[in-house]
Amino acid sequence: MTTAVDTTTYRDALREALREGLRRDPHVVILGEEVGRYGGAYGVTSGLLDEFGEDRVLDTPISEAGIVGAAVGAALAGLRPVVELMYVDFAALAMDQIVNQAAKARSMFGGQTGVPLVLRTQGGTGRSAGAQHSQSLEAWFLHTPGLRLYVPATVTDAHHLLLAALREPDPVVFVEHKALYTTRSDLGAHAPPPGVSVRRREGRDVTVVTYSRMLHRCLDAAQALAARGVEADVIDLRTLCPLDLEPVVASARRTGRVLIVTEDTLTGGVSAELAARVTELAFDWLEEPPMRLAGEDVPIPVAPALEEASVPTPLRIERAALRLLGRRA
Amino acid sequence: MSRVTSPLDLLRVMVRIRAFEEAVGELFVRGGTAGTMLHLSIGEEGAAAGFGLAMRPGDTFTTHHRGHGVFLARGGDPRRMMAEIAGKAAGSCRGRGGSMHIADVTLGHLGANAIVGGGIPHVVGAALAARHLGSGNVSVAFFGDGAMQQGVLYESMNLAALWRLPVVFACVNNQYGMGTRIDRAAASLDFDARARAFGLRGVTVDASDATAVFETATQVLADAREGRPALVTLDCFRFYGHARKDRSPYRTEEEEREGRSRDPVARLADRLRGEDVLDDDTLTAMRDDARREMDDAVAFALAAPPPDLAALHEDVYAPDRPAPPSVDAYHALVYPEGEARA
């Protein structure tokens, strides 16, 4: 008998988590643009309207501030809303509600209330969607106390981190990656909780720290590096808040060299925070300053070659690792 | 007028609001409040009391910069509000919110908001929750005329009308958004027309007449409960500056004199005296009681201990959930003292 492999897509894993959330908790409602009849711009909520009805799955007008604000109010008043922002770029229209309202209500009101909402959105390059539909804006949320920030890379994490988000008492910004929806693997029965980083590949020579889609590019690069005799230790952060750097520091103590790979822009990006922390926490064991390989400081162009040139690729990751090791590419 | 709310009740709440605002204004001048901003609602008592008393227990609401009056009208504790404005742990938000973020969720108060219009969409969600949970509650957004020019109001009005939610948008039009008079901020002053354009009922009421506000509010709240949301404009005048220190260089003394002639407290008191429902002794006693209550609130706030610095990191996330370390704790981790340093 053969075992089925790669049975589930990232998209399906997310949908099943939403379905399970809707089934187990009558207070869960989904709202957002095109989440109902259309099934979600990337198909994540497909079929949920038929199964759960219009009281649980609400199509909204194109009013990002209004719908995120409504989700905040619904959360304050006893529901557990999952609000979908079709593209993370559109968060700019809803930033007041995310940053000044959702993130701060618990603190401003002295702990009287929380905002248990999940803001599902997706970002990143890969579809030539242009400067307003391709950004990686997680630093905006990481910078804001009161928010959680989950950035799943794998099918199993997409599922289990979303289920975990649906149990959080505080607002979770859940950033999917548009280039991952059709990726497939088996759906694991369990996953570590949020705030636990996971080593995806073992290696003694260089520590590679990453999350979301860049994990897969780092693993591809690690394979190419292995062919050249370099073994990379690849760590997937999975969630940026809570942030677990213990495995990174432990790995840095062994390798002395840390490469941080993110798709968001270099300047003021997540990689800057990670590099600072790694420097502080592993200073005495580092042979070189942590190296950051991040998105270029440019608006994302549409032309596929330019788009691809604006973010780390497996080849660039491989070259960066070799440079960090003082070897010729 | 309903059986349970009499004109004297309205007057008493208005007198208490005025007394609170005067007391907190004095406390501010004495340096007893936290911060350099304080927004008083003197002149707006008719809107706060008239609307607040028409709401039912369980109804939810959000407020704005000038929300002390609505908080009191909905049963808020002046001691806890005064302590909050003084930045004390005994305050309703443990000294984290202050005047602009006052909240008491046990009253259905989902929070005051210092972002103009920021709390408006919350009532759409709260009304969605009310319908989902079958509570029968209405959710009311109180905001100023400044928010009438914010986009999120119109997104919220559309959603409320589209989904036929139990929502009332209550615009306390005190004529000024900070120093800008409404006719210098809005091309059209016909707010009722804006409501109609979005499929809501639009009503404007003279909020110097608390009884009229109460009657209008009672009606629109009943309609909202049946899924017919409304925008109510409560027309009044902000007696003093935007903030306590503001000397109002943007308006004339004549305009202020005329505006202050529309005093909601004096108007109802005069009417009730004329109807022989109220005599001077009763009014004096009412004012004295309110003054004593607010003096007690000030004394409570002044006597309350300051917040514990160790509590700084509490309530950012839910208790017992992971949270980032304090700067000191992080330094202890990175730069341990003594031999622990490698």
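About the thresholds
Residues numbered from 1 in each chain as written. Chains lettered and ligands numbered in written order. Predicted model: local features only at pLDDT ≥ 70, side-chain atom pairs only at ≥ 80, totals over all residues. Heavy atoms only, no water. 1 Å grid on protein atoms, 1.4 Å probe; cavity = no way out; pocket = protein on both sides within 12 Å on 5 of 7 lines; lining within 4 Å. Points joined across faces, edges and corners; volume = space filled by probe spheres on them. Helix = DSSP H or I, 4+ residues; strand = E, 2+ residues; numbered from the N terminus. Nonpolar A, V, L, I, M, F, W, Y, C, P; charged D, E, K, R; others polar. Domains from an automatic or database assignment. Phe/Tyr/Trp six-rings, centres within 6.5 Å; stacked < 30°, edge-to-face > 60°. Buried < 20%, exposed > 50% of the residue type's maximum accessible area, 1.4 Å probe, protein only. Lys NZ or Arg CZ within 6 Å of the ring centre and 35° of its normal. Salt bridge = Lys/Arg side-chain N within 4 Å of Asp/Glu carboxyl O. Contact = heavy atoms within 4.5 Å. Buried area = accessible area lost by both parts, 1.4 Å probe. Polar contact = N/O pair within 3.5 Å; in protein donor to acceptor, adjacent residues only side chain to side chain. Expected span 1.5 Å × (residues − 1).

(A) Quick look at empty space enclosed by the protein. All names here are of chain A. In this structure the tally under the stated criterion is five cavities of 30 Å³ or more. The space that makes up the largest cavity amounts to roughly 90 Å³. In this structure, the largest cavity is lined by 13 residues; those nearest its centre are Ser136, Glu138, His177, Tyr211 and Ser212. With three residues, the single largest contributor to the lining of the largest cavity is strand S7 (residues 172–177). Considering only residue class, the lining of the largest cavity consists of four nonpolar, five polar and four charged. Inspection of the lining of the largest cavity shows a minimum of three residues originating in each of domain 1 (5–187) and domain 2 (198–324).

(B) Region of interest: the packing of aromatic side chains. All chains considered together, the criterion is met by ten aromatic pairs over all chains. Between Tyr42 of chain A and Tyr181 of chain A the ring centres are 5.1 Å apart and the planes differ by 25°, which places this aromatic pair in the stacked class. Of this pair, Tyr42 of chain A sits in the loop between strand S2 (28–32) and helix H2 (48–52) while Tyr181 of chain A sits in the loop between S7 and strand S8 (184–185), and the two are 139 residues apart along the sequence. When its relative accessible area of 11% is taken as the criterion, Tyr42 of chain A is described as buried. Assessed through its relative accessible area of 3%, Tyr181 of chain A is described here as buried. On the numbers, 5.4 Å between centres and 35° between planes, the contact of Tyr154 of chain B with Phe198 of chain B is tilted. Within this pair, whereas Tyr154 of chain B is found in helix H6 (residues 151–162), its partner Phe198 of chain B is found in the loop between helix H8 (191–197) and strand S7 (201–206), the two being separated by 44 residues in sequence. You can call Tyr154 of chain B buried: its relative accessible area is 17%. The ring of Tyr317 of chain B carries Arg148 of chain A above its face, with NZ or CZ at 3.9 Å from the centroid.

(C) Looking closely at the pattern of salt bridges. Residue and element names in this part refer to chain A. Overall, the coordinates contain 49 salt bridges over all chains when judged by the stated rule. In this structure, Glu51 engages Arg23 in a salt bridge whose closest nitrogen and oxygen atoms are separated by 2.9 Å. With Glu51 in helix H2 and Arg23 in helix H1 (residues 10–24), this residue pair connects regions lying 28 residues apart in the sequence. Between Glu231 and Arg201 there is a salt bridge; the shortest N-O distance is 3.1 Å. Here Arg201 lies in strand S9 (residues 198–201) and Glu231 lies in the loop between helix H8 (214–227) and strand S11 (232–236), a separation of 30 residues in the sequence. Relative accessible area serves as the criterion here: at 19%, Arg201 is assigned to the buried category. When salt bridges that share partners are traced, they join Glu16, Arg19, Arg23 and Glu51 into one network.

(D) Representation of the interface of chain B and chain A in the model. Between chain B and chain A, the contact holds 43 residues from the first and 50 residues from the second. It is His132, Tyr317 and Tyr330 of chain B that lose the most area in chain B upon contact with chain A, and together they represent 17% of the buried surface on that side. At the boundary of chain B and chain A, one finds one salt bridge. A salt bridge links Glu168 of chain A to Arg321 of chain B; its shortest N-O distance comes to 2.3 Å. Summed over the shared surface of chain B and chain A, the result is 17 residue pairs in polar contact (both at pLDDT 80 or more). When residues of the side of chain B that touches chain A are assigned to their parent elements, the largest contribution, nine residues, is made by helix H5 (residues 120–133) of chain B. When its residues are assigned to classes, the side of chain B that touches chain A shows 27 nonpolar, ten polar and six charged.

(E) Spatial organisation of H5 of chain B. Residues and elements named next belong to chain B. Taking 1.5 Å of rise per residue, the 14 residues of H5 would be expected to cover 20 Å, and the 21 Å separating its terminal C-alpha atoms lies within 8% of that figure. Every buried residue of H5 is listed here: Ile120, Pro121, His122, Val123, Val124, Gly125, Ala126, Ala127, Leu128, Ala129 and Ala130. Gly134 occupies a position one or two residues after H5 and carries a positive phi of about 65°.

Function cannot be inferred from these measures alone, as they are strictly geometric.
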